[in-house]
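# Examination of the molecular architecture
Listed below are the residues making up each chain.
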Amino acid sequence: MSPLRRFLRTPEAVAGAILLAALIAMALIAPLLFPGDPQAIAGPALLPPFQDWSLPLGTDRLGRDVLAELFHGARTSLAVGLAAAAAALAIGAVVGTLAGFAGGLVDEVLMRITDAFQTVPSFLLALAFVSVVGPSLGIVVAAIALGTWTGPARVARAEVLSIRERDYVASARAIGMHPLEIAFREVLPNALPPVLAMSSVIVAAAILTEAALSFLGLGDPNRVTWGGMIAEGRAVLRTAPFLSIVPGIALVLTVLGVYLAGEGIVETTAVRRSLS
Amino acid sequence: MSALASIRDLTVTYRRDGNAVAALRNISLDIVAGERLAIIGESGSGKSTLALAIAGLLPASSAVAGRIEWSGLGRPPLLGRDIGFVFQDPSASLDPVMTIGKQIAEVARTHLGLTWSQAYAKAKTLLERVRLPDPDSALHAFPHQLSGGQKQRVAIAAAIAAGPKLLIADEATSALDTIVQAEIVALIRRLVAEDGMTLLFISHDIALAAELAERIAVFRHGQLVELGATAQIVDAPTQAYTRTLLDAHIGLDAAPLLNRAGLPA
Amino acid sequence: MTRALILLRRRLVGSVFVLLIVVIGTFLLLEAAPGDAVDAYIVSTGGDAGMIEMLRHRWGLDQSELTRLANYLWALLHLDLGQSVTFSRPIRDVILERLPNTLLLMVSATALSFGLGSALGIYAGARPGSARDRFLSIGSLALYAVPGFWLGLVLIVVFAVDLRWLPIGGIETLASDKTGLDRAADIAIHLILPVAALGFIYLALYLRMMRAGMAEAWRQDFVLAAHARGLSRRRVVLAHVARNALLPLVTMLGLQSAQMLGGSVVIESVFSVPGLGRLAQEAVASRDTPLLLGIILTSAVLVVVINLLVDIAYAFLDPRVGAGEAGA
């Protein structure tokens, strides 16, 4: 049975894939469905949902279209989630490979640095970083990556430690390959699978962290974010709770989708590895 | 000579990845009360499956046909109470985070209705019976602090704690060094004699079995090939496969080693 | 006991080194900020160039980076974290004031998540693949996906606004002059919602870990052996399987403490709890760099201490730990 068919047979994985597809669709068609600035005033303030069909989910405190904000927020969440995860995985893979392959002092120093990054709560670190440099999308991505690269680094290092004893590494050494070349051309690609298996968790964590940063007012002010929407809705929590609740539901479904689909991929490809 | 258990047309099928694998096919044999019966075979012969089936330890995914009648008991056997089971790997059969004293005591407590202090006293007695050095401190030791042979002695103690009528040793010596093997075989022999237990000894080593058993059953590919008294099997086997197994033991056999351990060869 | 002490000593040395890296790293990071505390101060209170220079000199901000780092490290040795620009008080005092509230929140939330999570995990893992197992598995995954601050807001809407059972925020009723048991009860009521919000997020984690740990433990041979010895299913589940599955969870306690400290920032913000997390947010808002540095350092020390305690607890729980060195 091919991995794809195995994936399709797992109900949770399929559910996740559907949620994820919906999210990606929302992000991609947002500028088409809701052209113009989603932060522009679209109607009267605090219009309840399902009353005016040109504003299906109503408006917020300033009269902005909630549905448009929701769709545009998907773009931010997706972009930040994927970019931060990619950065964290890349940094972690490189650091872990270097540490595991070089060993000795290099390993010690890199591991102490990894310890230091793990000792500081990642959210506090992200907070400090964004507050220092200023909130923009790229900075938020960097801030999140700074807090999450340590996990992949440890996994990569563990893999590399076992790989570097293998025969094909010894033969590469024997033909005189430069150690750095061996590390990155022979060892790293083989150490990647367990690192990549972490990607769904990291993407999910990145999306949630971005939402929390935006909630605290540290997100990119020029972009619509679900976290920012929830923060905005807090001021009118008594009278219009849906303004905070709806973006939160979107977040839950998104993270759930990422997690289920990601785990599904890991399960189906991992099974194939053990069978072959 | 009454039968403790009668096995009739026992067939066990495992389901693996959608395929059905027959581990035992139409096995019929009697286990005589008080005898020492050895089940011999190579890997895949079904000998361990037979042991698990008799003990009722088969996985839920297995299909069982045929029957086992326990005329010697008059009722279906209770695990631990009527049947003691010793596994191959002593490191794996003991809980790594519980003291060995407690692991033996809990068996006594479960089946004999003892209080914890009574159960611990019984555990100490059992440790003395299996000749574990310094039973007092051993009670509070953890499995990783013992050697392989010592761990297997503990496993045996736990298996006989409730005084079962049948002791099943599933490759109980296969994971141990040769000299330790001989010691454990001697231990099992003594305990079985002292308590009047029936012994089912599973092994791939026909020489070891010949030293211990009164009867030998030879298995191959899930079928019973030959069954008879030890002397007959060893000296005059009727089946070619049995002869092949015996011939594979030319040269190094258990006799000189057992001699050195001070046991009858 | 010696086993624990040997571990402690080795970890202590390593931890000091790690904390040093944290201090230097964070110091350099915060130095990278364009503008400093004085600029932020001036923005809100106003002042001319002369005042700016005077303030800079008073707060030592006109010296070189390296000098300031050296001064800072020296002060640290005296447990002096510097002066907060925002509060005009020693940072150490401000932090120590707020710290107990955060600790209370964290300990309660951890007790909730670990206790209830493990219990539910054992319940689910006792019958792998059963209906309740699948339900708890999906349920915990959904809970895992919930943002803490959003859960907090939902809880406020339901329990504080709609039902009016619990207060909206704060740690106690202001100016109520309650003492002793009354005060404790008052604080407890105020903490129910924040603890629930913080706790339920990590509950999912422990539930899933315990469930996975049980599944792993079920496959171990000693479980079959315990079954072969005729032990009751209940005893096998609790005394053997769960006990073994507990070990990785205890390790996770240590790792999660860092995450929970981060999570407390938003929760304290949502519920207006005057703790360390909220203080961090205030420090960010007022660009009070020394205060932020002090908070990060305190958090790091807290995480190190918690991890040390967890490691000692683990050494007690797993008899195999340190067996080689202490010569058991």
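Rules and cut-offs
- Residues numbered from 1 in each chain as written.
- Chains lettered and ligands numbered in written order.
- Predicted model: local features only at pLDDT ≥ 70, side-chain atom pairs only at ≥ 80, totals over all residues.
- Helix = DSSP H or I, 4+ residues; strand = E, 2+ residues; numbered from the N terminus.
- Contact = placed C-beta atoms within 7 Å.
- Buried ≥ 20, exposed ≤ 12 C-beta atoms within 10 Å, placed from the backbone.
- Core = buried A, V, L, I, M, F, W, Y, C linked by C-beta atoms within 7 Å.
- Nonpolar A, V, L, I, M, F, W, Y, C, P; charged D, E, K, R; others polar.
- Pairing = 2+ DSSP bridges.
- Axes fitted to C-alpha atoms, helices over the stretch in contact; angles between N-to-C directions.
- Expected span 1.5 Å × (residues − 1).
- Parallel < 35°, antiparallel > 145°, perpendicular 65-115°, else oblique.
- Left-handed = near helix turned anticlockwise from the far one by under 90°.
- pLDDT = per-residue confidence, 0-100.

The number of helices and strands found in chain A is twelve helices and zero strands. For chain A, the α and β elements follow one another from N to C terminus as α-α-α-α-α-α-α-α-α-α-α-α. With the C-alpha coordinates of chain A rotated into their principal frame, the extents come out at 75 × 50 × 30 Å. Counted over contacts in chain A with a minimum sequence separation of 6, partners at least 24 positions apart contribute 68%.

This brings us to the overall build of chain C. In terms of regular secondary structure, chain C is built from 13 helices and zero strands. N-terminal to C-terminal, the α/β element order of chain C is α-α-α-α-α-α-α-α-α-α-α-α-α. Sorting the 328 residues of chain C into buried and exposed places 42% on the buried side.

Turning our attention to the nonpolar core. Within the largest apolar cluster, 242 residues are counted, with the highest numbers of intra-cluster contacts made by B:Ile104, B:Ile168 and B:Leu200. If one sorts the elements of this core by residue count, helix H8 (residues 180-218) of chain C sits on top with 18 residues.

Okay, the arrangement of the chains next. Ranking the two pairs of chains in contact by number of contacts places chains A and C first. What separates chain A from chain B at the closest point of their C-alpha atoms is a distance of 11 Å, and the two make no contact.

For the rest of this paragraph, the subject is the interface of chain C and chain B. In this assembly, 19 residues from chain C lie in contact with 23 residues from chain B. Elements supplying a minimum of two residues to the side of chain C that touches chain B: helix H9 (221-228) and helix H10 (233-271) of chain C. Counted by class, the side of chain C that touches chain B contains eight nonpolar, five polar and six charged residues.

This part takes up the sheet that holds strand S2 (residues 19-32) of chain B. Residues and elements named next belong to chain B. A sheet is described by the order of its strands in space; here three strands give the open sequence S2-S1-S4, paired in antiparallel fashion. Looking at strand neighbours, the two that pair on one side only are S2 and strand S4 (63-69), the edges of this open sheet. Each strand of the sheet is rotated relative to its neighbour by a mean of 5°, with strand direction disregarded. Relative to the sheet, helix H1 (residues 47-55) contacts strand S1 (3-16), S2 and S4, its axis offset from that of S2 by approximately 70°.

Residues and elements named next belong to chain B. Residue position: Ala65 is located in strand S4. Judged by local crowding, Ala65 falls into the exposed class, with 12 C-beta atoms found within 10 Å. With 38 residues separating them along the chain, Ala65 and Ile27 place their C-alpha atoms 10 Å apart.

Turning our eyes to something else, we now look at the sheet that holds strand S5 (residues 83-86) of chain B. Residues and elements named next belong to chain B. Within the open sheet, the six strands sit side by side as S5-S6-S7-S3-S8-S9. Their pairing is mixed. Looking at which strands have only one partner, the edges of the open sheet turn out to be S5 and strand S9 (223-229). Strand-to-strand twist in this sheet, taken as the mean axis angle between neighbours without regard to direction, amounts to 15°. Strand direction decides the pairing type here: strand S3 (residues 36-40) and strand S8 (residues 215-220), joined by four bridges, are parallel. From the neighbouring strand, Ile39 faces S8, where its bridge partner is Ala217.

So, about the environment of B:Leu245. All names here are of chain B. As for its position among the elements, Leu245 is in helix H9 (residues 240-247). What makes Leu245 buried here is the crowd of 23 C-beta atoms within 10 Å. Distance in space between the C-alpha atoms of Leu245 and Thr115 is 49 Å, their sequence separation being 130 residues. Not counting chain neighbours up to four residues away, the residues in contact with Leu245 comprise Ile40, Ile206 and Val218.

Listed per partner, the contact involves 35 residues of chain A and 39 residues of chain C. Listing elements by their share of the side of chain A that touches chain C, those giving two or more residues are helix H4 (104-119), helix H5 (122-133), helix H10 (199-215), helix H11 (226-234) and helix H12 (242-275) of chain A. Counted by class, the side of chain A that touches chain C contains 25 nonpolar, six polar and four charged residues.

Residues and elements named next belong to chain B. Pairing analysis gives ten bridges linking S1 to S2, with the strands arranged antiparallel. Within S2, the position partnered with Leu10 by the bridge is Ile27. Where S1 folds back on S2, the antiparallel hairpin that results is connected by two residues, among which Asp17 adopts a positive phi of roughly 55°. Pairing between S1 and S4: six bridges, direction antiparallel.

Residues and elements named next belong to chain A. Taking 1.5 Å per residue, twelve residues should reach 16 Å; helix H6 (residues 137-148) reaches 17 Å between its end C-alpha atoms and fits that length. Burial analysis of H6 places nine of its twelve residues in the buried class, the great majority of the element. Among the residues of H6, those classed as buried are Ile139, Val140, Val141, Ala143, Ile144, Ala145, Leu146, Gly147 and Thr148. Buried residues along H6 sit against helix H3 (66-102), H5, helix H7 (150-163) and H10.

Right, let's talk about the packing of H10(C) against helix H11 (residues 276-285) of chain C for a bit. Residue and element names in this part refer to chain C. In the contact formed by H10 and H11, the axes pass within 7 Å of each other and the chain directions differ by 85°. Here H10 is positioned roughly perpendicular relative to H11, judged by the angle of their axes. Of the residues in H11, those in contact with Ser264, Val265, Ile267, Glu268 and Ser269 of H10 are Gly277, Arg278, Ala280 and Gln281. In terms of residue class, the contact of H10 with H11 is made up of three nonpolar, four polar and two charged.

As a further point, take the packing of H3(A) against H4(A). Residues and elements named next belong to chain A. Between H3 and H4, whose axes approach to 7 Å, the crossing angle comes to 145°. In this structure, the crossing between H3 and H4 has a hand that is left-handed. Where H3 abuts H4, its residues Val95, Leu98, Ala99 and Ala102 lie against Gly104, Val106, Asp107, Leu110 and Met111.

Glycine aside, negative phi is the norm for most residues, and most peptide bonds take the trans geometry. Residue and element names in this part refer to chain B. For Arg131, which is not glycine, the phi torsion reads 60° and is therefore positive. The exposure class assigned to Arg131 is partly exposed, which follows from the 13 C-beta atoms found within 10 Å. Positioned with a positive phi, Asp134 is a non-glycine residue whose angle comes to about 55°.

All names here are of chain B. Structurally, Ala157 is set in helix H5 (residues 148-160). According to the C-beta neighbour criterion, Ala157 is buried, with 30 such atoms within 10 Å. Spatially, the C-alpha atoms of Ala157 and Val130 are 6.6 Å apart, while their sequence positions differ by 27 residues. Residue contacts for Ala157: discarding those within four places in its chain leaves Ile104, Leu126, Leu127 and Val130.

On to the confidence of the model for chain C, then. Residue and element names in this part refer to chain C. Mean pLDDT for chain C: 82, with 88% of residues reaching 70 or above. Taking the mean pLDDT of every element in chain C, the minimum, 46, falls on helix H13 (residues 323-326) and the maximum, 90, on helix H5 (residues 91-126). In the model, residues 324-328 has pLDDT below 50 throughout and makes six contacts with residues more than four positions away in sequence or in other chains.

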